[in-house]
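Chain and residue survey
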Amino acid sequence: MKVIATVAEMRELRSQLSGSVGLVPTMGYLHQGHLELVRRARRENQTVVVSIFVNSTQFGSGEDFATYPRDPERDLALLEKEGVDVVFMPSAEEMYPEGFSSWVEVEKITEGLEGASRRGHFRGVATVVCKLFNIVQPDEAYFGQKDAQQLVVIKRMVSDLNMNLEVVAVPTVREHDGLAMSSRNTYLSPEERKAALVLWKALNLAQELWQKGEKSGDRIREEMTCLIEREPRARIDYVSIADPDSLEELSEVDHAALVSLAVRVGKTRLIDNMTLG
Ligand code: PAF
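Fair warning: this is a prediction, and the values are worked out from it, not measured in the lab.

1. Topic: the site of the ligand
- As a matter of local geometry, the ligand sits amid Pro25, Thr26, Met27, Asn55, Gln58, Val128, Val129, Phe143, Asp147 and Gln150.
- Measuring from an oxygen atom of the ligand, one finds a side-chain N or O atom of Gln58 at 2.6 Å.
- In the environment of the ligand, an oxygen atom lies 2.7 Å from a nitrogen or oxygen atom belonging to the side chain of Gln150.
- Alone, the ligand offers 290 Å² of accessible surface; in the complex the protein occludes 88% of this.
- When contributions to the shell around the ligand are tallied by element, the ones reaching two or more residues are β2 (21-26) and α6 (121-136).
- Considered class by class, the residues forming the shell around the ligand number five nonpolar, four polar and one charged.

Right under this line is the structure:
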């Protein structure tokens, strides 16, 4: 497994590769969710490149950029075991050299949900992902469905800017009790870890109501909100029932809907989602 730190080296190596290249962009501190992306990329490509870069530009002021968990040695050992060919691990200066001033803005679909709570987040995500695509030039890029809005934004960017690659969505990996895997789960105390299950319970409630014939988006949202509010450690950021492509809120769920939510448990902000229909 080659570990590469510069854009020039990555480009040089890419020019020597033939066959399909799969890219898994990550911010490191890998868990089973990331490894699922890597395994899928491994099955589907001749060469697998994983990037590890904690991207400062997608964190707002007051967010956890400085304290975001990092363990590059452990990450590299895990990736080696998965048979990854190349790890691209650039420094901040390599990705954002002095004078950097070009950004990718995806409009409309970035305004609500995560975009409303985390101003500028998707500008940072779209910009770094675009840069990674330009540097690695993958044929396929793998992203988890857990970050549902991120996935919609990246697909939009790829389509709008005619980027020559396929975006592959990989289902969310969950702990035994249903909690979606996330690097931020490590912030939770044992009590908060139990309380965090309320996200999964709320999603299941939405599915149950919908399967029983409830088609009112407002009613499903209300029931989910009531359930979460009964958990004293949880504070709702948003509960959304939206169109899976436009991300516009739905008052009626007559076809597919993306149910997503962001909830603070203690100081940790968690997100999760499920698709109905
Ligand atoms: O999902 C993530 O870990 C990040 O948002 C990504 C796609 C690696 C961009 O920094």
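Next comes the rest of the account.
2. Let's talk about the environment of Thr47
- With respect to the helices and strands, Thr47 occurs in strand β3 (residues 47-52).
- Here Thr47 falls in the buried class, since its relative accessible area comes to 7%.
- For Thr47 and Ile135, which are 88 residues apart along the polypeptide, the C-alpha to C-alpha distance reads 15 Å.
- Once residues lying within four places of it in the same chain are set aside, the contact partners of Thr47 are Leu17, Ser20, Val21, Gly22, Arg42 and Asp85.

3. Concerning the side chain of Gln58
- Here Gln58 shows up in the loop between β3 and α3 (72-81).
- Classification of Gln58 by relative accessible area gives buried; the value is 10%.
- One polar contact links Gln58 to Asn55, side chain to side chain, over a distance of 2.9 Å.

4. With respect to the sheet that holds strand β7 (residues 234-242)
- Ordered in space as β7-β8-β9, the three strands form an open sheet in which the pairing is antiparallel. Strand pairing shows two members of the sheet lacking a second neighbour, β7 and β9 (268-276), which therefore form its edges. The average angle at which neighbouring strand axes cross in this sheet is 10°, direction not considered.
- Sheet analysis places β7 next to strand β8 (residues 257-265), joined by eight bridges and oriented antiparallel. Across the sheet, Arg235 pairs through a bridge with Arg264, a residue of β8.
- Against the sheet, helix α10 (residues 217-229) makes contact with β7 and β8, and its axis sits at roughly 165° relative to β7, the strand it touches most.

5. A look at the sheet that holds strand β4 (residues 86-88)
- A sheet is described by the order of its strands in space; here six strands give the open sequence β1-β4-β3-β2-β5-β6, paired in parallel fashion. Edge positions in the sheet fall to β1 (2-4) and β6 (166-170), since each of these pairs with one other strand and no more. Ignoring which end each strand starts from, the neighbouring axes of this sheet average 25° apart.
- Sheet topology places β1 next to β4; three bridges connect them, and they run parallel. Its bridge partner being in β4, Val3 is matched across the sheet by Val87.

6. Examining the nonpolar core
- Ranked by size, the top nonpolar core spans 43 residues in total, and within it Met10, Phe88, Phe133 and Met157 carry the most contacts.
- When residues of this core are assigned to their parent elements, the largest contribution, ten residues, is made by α6.
- Among the nonpolar cores identified, the runner-up in size contains 30 residues, and Ala195, Leu227, Ile241 and Val263 belong to it.

7. Looking at the packing of α6 against helix α7 (residues 148-160)
- Interhelical geometry of α6 versus α7 gives an angle of 55° and a closest axis separation of 10 Å. As judged from the angle between their axes, α6 and α7 are oblique. Crossing angle aside, the handedness with which α6 passes α7 is right-handed. Counted together, Phe122, Val125, Ala126, Val129, Cys130 and Phe133 of α6 and Gln149, Gln150, Val153, Ile154, Met157 and Val158 of α7 form the full contact between these two elements.

8. A word on α10
- Across its 13 residues, α10 extends 18 Å between first and last C-alpha, which sits within 8% of the 18 Å expected from 1.5 Å per residue.
- Within α10 the residues assigned to the buried category are Gly217, Ile220, Arg221, Met224, Leu227 and Ile228. The buried residues of α10 all sit within an arc of 130° when viewed along its axis, so they share a single face.

The rules behind each value
Residues numbered from 1 in each chain as written. Predicted model: local features only at pLDDT ≥ 70, side-chain atom pairs only at ≥ 80, totals over all residues. Heavy atoms only, no water. Near = heavy atom within 4 Å. Polar contact = N/O pair within 3.5 Å; in protein donor to acceptor, adjacent residues only side chain to side chain. Areas by Shrake-Rupley, 256 points an atom, 1.4 Å probe, with all protein chains shown as cover. Helix = DSSP H or I, 4+ residues; strand = E, 2+ residues; numbered from the N terminus. Nonpolar A, V, L, I, M, F, W, Y, C, P; charged D, E, K, R; others polar. Buried < 20%, exposed > 50% of the residue type's maximum accessible area, 1.4 Å probe, protein only. Contact = heavy atoms within 4.5 Å. Pairing = 2+ DSSP bridges. Axes fitted to C-alpha atoms, helices over the stretch in contact; angles between N-to-C directions. Core = buried A, V, L, I, M, F, W, Y, C linked by side-chain atoms within 4.5 Å. Parallel < 35°, antiparallel > 145°, perpendicular 65-115°, else oblique. Left-handed = near helix turned anticlockwise from the far one by under 90°. Expected span 1.5 Å × (residues − 1). Arc of directions from axis to C-beta.

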